[in-house]
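In case you want the letters, here they are:
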Amino acid sequence: TQGVSSAASDVYKRQVVRSQKSVTADALAMLTRRDYSRAGLRAKLRAKHHLSGDIEDAIDKCTEWGYLDDQRFGRSRLESRLKRRPTGRSDALRDLQRQGLTETMSKVVADEVFEQLGGERGVLNDAFDRWVARQGEPENLAGAKRCFDHLMRRSFPRYLVLEKLSIWLEDFTS
């Protein structure tokens with residue numbers, strides 16, 4: 001009986017090793033296509049019904065090898081997102097945290113990216129220029145209000161939006 005249990009134990013050990021290799025291979029395959037956060041990769045691997053312990057081992061290996069980096073992921077995601085759809089800092093932080101980055105990491109990444117893009121004022125200028133290119137300059141107070149509402153929905157700070165629109169507001173109220 002001991003020979004049978006030993007053989008069964010060997011088969012189990014081989015399955016565990018194969019399972020760990022499979023999780024790591026799946027993780028690497030996903031990371032070759034695009035960046036993920038640790039939390040995002042964990043969710044994808046869970047969806048493939050891998051064991052939690054194997055998932056954590058694979059994530060640790062990928063991090064150790066340099067294939068998985070939350071800061072790099074966050075920077076890449078935020079740069080891409082702000083170029084496609086400029087938003088305020090608070091909206092950017094919410095998005096990064098939804099992607100699984102910690103609050104601290106989200107703030108570090110947002111600071112880096114917003115600084116690179118000229119601060120929140122620089123991103124607001126981009127959003128404003130895009131709005132004007134699509135809608136044209138407003139001809140009355142109602143048009144300026146539509147621009148104001150648009151920029152506020154994008155979670156830019158009120159004082160920056162009012163500062164940006166001050167020229168139009170002065171023209172329409174005088």
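**Student:** Explain the pattern of salt bridges to me, and be specific about the residues and the numbers.
**Tutor:** Per the stated rule, a full pass over the model turns up 14 salt bridges. Among the ionic pairs, Lys 107 bridges to Glu 103, the shortest N-O distance being 3.3 Å. Here Glu 103 and Lys 107 lie together in helix H6 (residues 103–116), a separation of four residues that amounts to about one turn. Residue classification places Lys 107 among the partly exposed positions, given a relative accessible area of 37%. Between Arg 130 and Asp 126 there is a salt bridge, with its nearest N and O atoms 3.4 Å apart. Here Arg 130 pairs with Asp 126, and both are found in helix H7 (residues 119–135), just four residues apart, close to one helical turn. According to the relative accessible area criterion, Arg 130 is partly exposed, its value standing at 27%. Under the relative-accessibility criterion, Asp 126 is labelled partly exposed at 29%. Salt bridges linked by common partners bring Arg 77, Arg 81, Asp 91, Arg 94, Asp 95 and Arg 98 together as one network.

**Student:** Would you mind going over the packing of aromatic side chains in detail, with residue names and values included?
**Tutor:** Applying the stated criterion across every chain, the model contains one aromatic pair. Here the aromatic rings of Phe 128 and Trp 168 are separated by 5.1 Å at their centres, their planes lie at 40 degrees, and the arrangement is tilted. Placement of Phe 128 in helix H7 and of Trp 168 in helix H9 (residues 158–173) is noted, with a sequence separation of 40 residues between them. As far as burial versus exposure is concerned, Phe 128 and Trp 168 are alike and both buried. In this structure, Arg 34 packs its charged tip against the face of Tyr 36, placed 4.0 Å from the ring centre.

**Student:** How would you summarise a positive patch on the surface if you had to cite specific residues and measurements?
**Tutor:** Positive charge collects at one region of the surface, where Arg 33, Arg 34, Lys 44 and Lys 48 lie side by side. Within the fold, Arg 34 resides in the loop between helix H1 (2–33) and helix H2 (38–47). Given a relative accessible area of 43%, Arg 34 falls into the partly exposed group.

**Student:** Break down H2 for me, citing the residues and quoting the values.
**Tutor:** Burial in H2 covers these residues: Leu 41, Arg 42 and Leu 45. Down the axis of H2, the buried side of the element spans an arc of 105 degrees, and every buried residue falls inside it. Count one or two residues on from H2 and you reach His 49, which has phi positive near 65 degrees.

**Student:** Help me get a handle on the packing of helix H4 (residues 70–84) against H6, residues and values and all.
**Tutor:** Following both chains from N to C, one finds H4 and H6 inclined at 45 degrees, their axes separated by 9 Å at the closest point. On the basis of their axis angle, the class for H4 and H6 is oblique. Taken as a pair, H4 and H6 cross one another with a handedness that is right-handed. The residues of H6 that touch H4, namely those facing Gln 71, Gly 74, Arg 75, Leu 78, Glu 79 and Leu 82, are Met 105, Val 108, Val 109, Ala 110, Glu 112, Val 113, Phe 114 and Gln 116. Of the residues that constitute the contact of H4 with H6, the class distribution is eight nonpolar, three polar and three charged.

**Student:** Provide a residue-level description of the packing of H4 against helix H5 (residues 89–98), including the pertinent values.
**Tutor:** A pair of packed helices is captured by two measures, namely the crossing angle of their axes and the spacing between those axes. Running from N to C, H4 and H5 point in directions that differ by 135 degrees, and their axes come no closer than 11 Å. Considering the angle they form, H4 stands oblique to H5. The handedness of the crossing between H4 and H5 comes out as right-handed. Note on element contacts: H5 touches H4 through Asp 91, Ala 92, Asp 95 and Leu 96, opposite Gly 74, Arg 77, Leu 78 and Arg 81. Taken together, the residues of the contact of H4 with H5 sort by class into three nonpolar, one polar and four charged.

Rules used throughout
Residues numbered from 1 in each chain as written. Predicted model: local features only at pLDDT ≥ 70, side-chain atom pairs only at ≥ 80, totals over all residues. Heavy atoms only, no water. Salt bridge = Lys/Arg side-chain N within 4 Å of Asp/Glu carboxyl O. Helix = DSSP H or I, 4+ residues; strand = E, 2+ residues; numbered from the N terminus. Buried < 20%, exposed > 50% of the residue type's maximum accessible area, 1.4 Å probe, protein only. Phe/Tyr/Trp six-rings, centres within 6.5 Å; stacked < 30°, edge-to-face > 60°. Lys NZ or Arg CZ within 6 Å of the ring centre and 35° of its normal. Patch = residues over 30% accessible without salt bridge, like charges linked within 9 Å, V, L, I, M, F, W, Y side chains within 5 Å. Areas by Shrake-Rupley, 256 points an atom, 1.4 Å probe, with all protein chains shown as cover. Lys, Arg positive; Asp, Glu negative; His and termini not counted. Charge placed at Lys NZ, Arg CZ, Asp CG, Glu CD. Arc of directions from axis to C-beta. Axes fitted to C-alpha atoms, helices over the stretch in contact; angles between N-to-C directions. Parallel < 35°, antiparallel > 145°, perpendicular 65-115°, else oblique. Left-handed = near helix turned anticlockwise from the far one by under 90°. Contact = heavy atoms within 4.5 Å. Nonpolar A, V, L, I, M, F, W, Y, C, P; charged D, E, K, R; others polar.

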